[in-house]
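So you can see what is in the structure, the chains are spelled out below.
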Amino acid sequence: MIALRSVSKAASKRLSSTAIRTFAAASDEPLVKTALYDYHVEIGGDMVPFAGYELPVLYKGENGGVMKEHLWCREEGKASLFDVSHMGQIRWHGADRTKFIEKMVVGDIEGLTPGNGLLSLVTNENGGILDDTVITKYEDYVYMVVNGATKHGDMAHFNKYLDDFDGDVTMEYLEDSMQLLALQGPGAATAIAKLLPDGFDLVNMAFMSGTETTLDGIEGCRITRCGYTGEDGFEIAMPAESAVAIAQKLLSDPAVNPTGLGARDSLRLEAGLCLYGNDLDETTTPVEGVLGWTMGGPKGRRRLEGGFTGADKILKPDGKFQKVERKRVGIAGMKAPARDHTEIFDATGENKIGEITSGTFSPSLKKPIAIGYVSTPNAKAGTEIMLKVRKKNGKAEVTKMPFVESRYYRVPE
């Protein structure tokens with residue numbers, strides 16, 4: 001169990017200030033409010049612009065603030081509730097839906113059994129990553145969740161290929177008619193069980209599986225066992241008109257704490273997970289991003305057959321990866337946090353070898369951590385490097401990820 005009081009007030013203030021700067025970027029576009037907006041304000045949400053929406057970066061109150069919210073999510077028996085309704089929810093219909101989706105993403109959708117899912121990548125003609133997505137296969141449709149900031153670009157990309165696709169497939173964008181919550185932490189299963197129908201078998205619900213269900217008697221809901229923190233957890237979809245009622249019911253449990261974007265970012269960074277736009281973009285290939293596993297093993301169907309957009313830029317004809325000049329790595333050992341765009345040099349401090357893409361102070365480890373890209377010869381764990389912070393070079397080291405051990409759920413054997 002992690003004690004909340006073990007982190008200094010100075011560190012907490014530093015992390016909170018960074019989170020607000022990161023997410024409260026100016027926007028000229030009118031912002032969308034999720035169905036939970038008024039409820040967030042009511043319970044102390046500090047609302048900021050993010051991906052075209054107004055969302056809470058943190059909450060005020062006894063258990064609020066980025067540091068406390070972060071540590072709550074890691075504590076035994078506790079769970080954190082996030083509003084992620086800005087993300088895009090898409091349903092694919094038609095007899096050829098799987099065939100089309102496999103042209104758009106690198107994963108083996110055909111090989112999924114109904115109720116199971118995976119993390120995949122949407123790629124462009126050059127093999128770059130347009131988005132990362134969680135895809136779940138059902139009997140009569142495929143359910144896809146894409147990032148909020150990229151969802152409209154994703155759908156424009158899909159439509160471009162749909163125009164030339166000779167087959168039976170329809171893309172249904174659920175817009176804001178369905179809202180999305182994420183319940184994360186060691187206590188997530190216990191908390192959601194209180195809303196699920198009697199007899200619902202959570203014990204045998206595997207990580208990356210999903211199902212349609214009722215929640216607290218409300219029809220039209222869906223849960224997927226996945227998340228963005230490294231902990232056990234669920235993404236919960238529900239009709240917009242029921243979002244507040246379900247959030248209120250979950251938060252009536254004293255083990256569940258409302259949590260904002262700031263802690264979501266530091267939690268995912270500790271888990272070594274990518275933030276699209278920072279750690280991944282359309283110029284980055286899955287091999288550079290060290291996400292080759294999303295295509296399966298070297299003898300797997302997708303590696304051998306390819307068939308997805310940009311496959312020839314990512315894979316050799318025998319299914320092996322094309323060589324790359326840079327790779328995504330974890331970085332630790334520095335004295336001060338290194339933010340995105342911090343330059344990375346070799347151990348001599350003379351040769352630039354890369355750049356930080358995400359960095360923060362780790363509340364769980366009580367030290368700075370970062371993710372970045374370095375030249376492939378320098379990507380091995382243990383490689384000594386230098387980071388240029390405030391015009392001064394400081395020592396650091398390439399390290400394995402995740403920084404904090406992941407605790408994704410495993411079905412008992």
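First things first, this report covers the structure right here in the doc. Quantities reported herein were computed from a predicted structural model and do not represent experimental measurements.

A count of helical and extended segments in the protein gives 10 helices and 20 strands. Against the globule reference of 22 Å for 413 residues, the protein gives a C-alpha radius of gyration of 21 Å, in line with a compact fold. Overall size of the protein, expressed as C-alpha extent along the three principal axes, is 60 × 55 × 50 Å. Excluding contacts between residues fewer than 6 apart, the proportion of contacts in the protein whose partners are at least 24 apart in sequence is 66%. On the protein, roughly 18,300 Å² of surface is accessible, and the fraction owed to carbon and sulfur atoms is 50%. When the 48 basic and 57 acidic side-chain charges of the protein are each reduced to a single mean position, those positions are 10 Å apart.

Strands sit in the order β1-β3-β2 across an open sheet of 3 strands; the sheet is mixed. Bordering the open sheet on either side are β1 (32–33) and β2 (45–50), each of which pairs with just one other strand. Here 2 bridges tie β1 to strand β3 (residues 53–59), and the two strands are oriented parallel to one another. In the sheet register, Val32 faces β3, and the bridge partner there is Tyr53. In this fold helix α8 (residues 261–270) packs onto β2 and β3, with an angle of close to 75° to the strand it touches most, β3.

Of note, Ser358 is situated in strand β17 (residues 352–362). Polar contacts involving the side chain of Ser358 include one to the side chain of Arg268, which spans 2.8 Å. Within polar-contact distance, the side chain of Ser358 engages the side chain of Asp279 at 2.9 Å. Once residues within four sequence positions are removed from consideration, Ser358 is found in contact with Arg268, Leu269, Asn278, Asp279, Ala338, Asp340, Ala370 and Ile371.

This part covers the packing of aromatic side chains. In this structure the tally under the stated criterion is 5 aromatic pairs. Ring geometry for Trp92 and Phe158: centres 5.4 Å apart, planes at 70°, overall edge-to-face. A residue pair is termed long-range when its members are at least 10 positions apart, and Trp92 in strand β5 (residues 88–93) and Phe158 in helix α5 (residues 151–162) qualify at 66 residues. Residue Trp92 shares its accessibility class with Phe158, and that shared class is buried.

On the surface, a cluster of positive charge is made up of Lys299, Lys316, Lys320 and Lys323. Positionally, Lys320 belongs in the loop between α10 (311–314) and β15 (326–332).

In this section: helix α4 (residues 97–104). When you tally the buried positions in α4, you get 6 out of 8 residues, the bulk of the element. Residues of α4 that are buried include every one of Arg97, Thr98, Phe100, Ile101, Glu102 and Met104, and no others. Contacts made by the buried residues of α4 are with β5, β6 (117–123), β7 (129–137), β8 (142–146), α5 and α9 (301–305).

Within the closed barrel, the 6 strands sit side by side as β15-β18-β17-β16-β19-β20. Their pairing is antiparallel. Across the sheet, the axes of successive neighbouring strands diverge by a mean angle of 40°, strand direction being ignored. The strands that α8 touches are β17 and β18 (367–375); relative to β17, the one it contacts most, it runs at about 125°.

A few words on the side chain of Asp253. Looking at the element boundaries, Asp253 is found in the loop between α7 (243–251) and β14 (256–258). Classification of Asp253 by relative accessible area gives buried; the value is 10%. Polar contacts involving the side chain of Asp253 include one to the side chain of Lys194, which spans 2.9 Å. Apart from residues lying up to four places away in sequence, Asp253 is in contact with Ala191 and Lys194.

All right, on to the pairing of β18 then. The buried fraction of β18 is high, at 7 of 9 residues. Note: β15 against β18, 7 bridges, orientation antiparallel. Paired with Ile331 across the bridge in β18 is Ala370. Strand direction decides the pairing type here: β17 and β18, joined by 8 bridges, are antiparallel. If you follow Thr360 over to β18, its bridge partner there is Ile369. The turn joining β17 and β18, which pair antiparallel and follow one another in sequence, is formed by 4 residues; a positive phi near 60° is taken by Lys366.

Criteria and thresholds
Residues numbered from 1 in each chain as written. Predicted model: local features only at pLDDT ≥ 70, side-chain atom pairs only at ≥ 80, totals over all residues. Heavy atoms only, no water. Helix = DSSP H or I, 4+ residues; strand = E, 2+ residues; numbered from the N terminus. Rg over C-alpha atoms; globule rule 2.2 N^0.38 Å. Contact = heavy atoms within 4.5 Å. Areas by Shrake-Rupley, 256 points an atom, 1.4 Å probe, with all protein chains shown as cover. Lys, Arg positive; Asp, Glu negative; His and termini not counted. Charge placed at Lys NZ, Arg CZ, Asp CG, Glu CD. Pairing = 2+ DSSP bridges. Axes fitted to C-alpha atoms, helices over the stretch in contact; angles between N-to-C directions. Polar contact = N/O pair within 3.5 Å; in protein donor to acceptor, adjacent residues only side chain to side chain. Phe/Tyr/Trp six-rings, centres within 6.5 Å; stacked < 30°, edge-to-face > 60°. Buried < 20%, exposed > 50% of the residue type's maximum accessible area, 1.4 Å probe, protein only. Patch = residues over 30% accessible without salt bridge, like charges linked within 9 Å, V, L, I, M, F, W, Y side chains within 5 Å. Salt bridge = Lys/Arg side-chain N within 4 Å of Asp/Glu carboxyl O.

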